[in-house]
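# Survey of secondary and tertiary structure
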Amino acid sequence: MIEFHPVTKHIGAEVTGVDLRKPLSPEEVATLRTGWLEHLVLFFRDQHVDDGQHLQFALNFGTLNHPAFKKDADSPIHVLDQTNPKGEGGDEWHSDNTFEPTPPMGSLLRCVQLPGVGGDTCWANTYLAYETLSPSMRRLCDELTAVHDITMSMKKAIAKGYPFDLAEVQAKWPPVERPVVRVHAETGRKALFVNRASTTRLVGLSERENEALLPFLIDHIRSAEYQVRLRWRPGTLAFWDNRPTQHYAVADYTERRRMHRVTINAFPEHADT
């Protein structure tokens, strides 16, 4: 029987009673989706699946998304193989690819190889980040939109030596405007939807107002009570909802860390309207 064991009060649960090497029944998929929507990120321990099993599990919950920076466009598996990750972008709070026309719904990240110590990942509950704002601040945020732009992420990647053509990438993914408060398509709950990796400015506010308000909103999600931290082990798989969470990859290692990720888009019945 599938069971959910909360890791913190507000976010994260370890899942037992399921073997991800085997096909899931419709009832098991429905149970896992309900737990995922409640806990925002699920942790599956001791699941030594291969890439094919990883992909098949992911496709129970959405359609395949190809990440913007993926090197091998033909493979559904995005391999994150790093030894010196500091400054590459994962080590700041973010939701994945909010600069895309339709950001991905979620990701399933599997640990393959770890450094001797370090390499944890943190997630934050952005429902709670919104709900703990004052009523006046919530009303203001409800009315605002923000610009999301790939440029900041690209400049960091180029500075780290990745051979991207900035102008080409900017032409492919021009800036987009999104509500500062996102309404979740399945739960109807509101979440704060700005992040340090992609959000560049609040629309309709002056430069000085942006300098005051945007950093506050971005930093607000860093309160410890909104967060959960995962210490990986080989065979651990994390499945998170990209819509009401942000995550942070702790860049405290200089040995090889290899992770395999499948990113998914929402099924039409679960997509934003």
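In the block above lies the structure referred to throughout.
Just so you know, these numbers come straight off a predicted model, no measurement behind them.

### Side note on the nonpolar core
Within the largest apolar cluster, 24 residues are counted, with the highest numbers of intra-cluster contacts made by Leu32, Phe44, Phe57, Phe239 and Ile264. If you list the elements that add at least two residues to this core, you get strand 2 (13-16), helix 1 (26-39), strand 3 (41-44), helix 2 (51-58), strand 14 (237-241) and strand 16 (257-265). Excluding its chain neighbours within four sequence positions, the residues that come into contact with phenylalanine 239 are Trp36, Leu40, Val41, Leu42, Phe44, Phe61, Ser107, Leu108 and Ile264. Counting residues in each nonpolar core, the second largest holds 22 residues, with Cys122, Leu144, Ala146 and Leu202 among its members.

### Overview of the packing of aromatic side chains
Under the defined criterion, the tally for this structure stands at 10 aromatic pairs. Between tryptophan 36 and phenylalanine 239, the aromatic rings sit 4.6 Å apart at their centres with planes inclined by 15°, giving stacked as the arrangement. Linking tryptophan 36 in helix 1 with phenylalanine 239 in strand 14, this pair joins segments that are 203 residues apart in sequence. Note on tryptophan 36: relative accessible area 0%, which makes it buried. Take phenylalanine 239: its relative accessible area is 1%, and that puts it in the buried class. Judged by centre distance (6.1 Å) and plane angle (75°), the rings of phenylalanine 99 and tryptophan 173 are edge-to-face. Residue phenylalanine 99 is found in the loop between strand 5 (78-82) and strand 6 (106-113), and its partner tryptophan 173 is found in the loop between helix 6 (166-172) and strand 9 (176-179); the two are separated by 74 residues along the sequence. The pair phenylalanine 99 / tryptophan 173 is uniform in exposure class, with both members buried. Among the aromatic residues, those joined into a ring-pair cluster are Trp36, Phe44, Phe57, Phe61 and Phe239. Geometry around phenylalanine 193 places arginine 182 over its ring, the cationic atom sitting 4.7 Å from the centre.

### Thoughts on the layout of surface pockets
Here the idea is plain: a probe the size of a water molecule rolls over the atoms and shows the empty space left. Computed from the structure, the second largest pocket encloses a volume of approximately 280 Å³. Around the second largest pocket sit 17 residues that line it, and Thr102, Pro103, Arg178, Arg182 and Asp272 are the ones nearest its centre. Elements represented by at least two residues in the lining of the second largest pocket include exactly strand 9 and strand 10 (181-183). No other element matches the 3 residues that strand 10 contributes to the lining of the second largest pocket. When grouped by side-chain class, the residues that make up the lining of the second largest pocket number 10 nonpolar, 3 polar and 4 charged.

The rules behind each value
Residues numbered from 1 in each chain as written. Predicted model: local features only at pLDDT ≥ 70, side-chain atom pairs only at ≥ 80, totals over all residues. Heavy atoms only, no water. Core = buried A, V, L, I, M, F, W, Y, C linked by side-chain atoms within 4.5 Å. Buried < 20%, exposed > 50% of the residue type's maximum accessible area, 1.4 Å probe, protein only. Helix = DSSP H or I, 4+ residues; strand = E, 2+ residues; numbered from the N terminus. Contact = heavy atoms within 4.5 Å. Phe/Tyr/Trp six-rings, centres within 6.5 Å; stacked < 30°, edge-to-face > 60°. Lys NZ or Arg CZ within 6 Å of the ring centre and 35° of its normal. 1 Å grid on protein atoms, 1.4 Å probe; cavity = no way out; pocket = protein on both sides within 12 Å on 5 of 7 lines; lining within 4 Å. Points joined across faces, edges and corners; volume = space filled by probe spheres on them. Nonpolar A, V, L, I, M, F, W, Y, C, P; charged D, E, K, R; others polar.

By themselves, these figures tell us nothing about what the structure is for.
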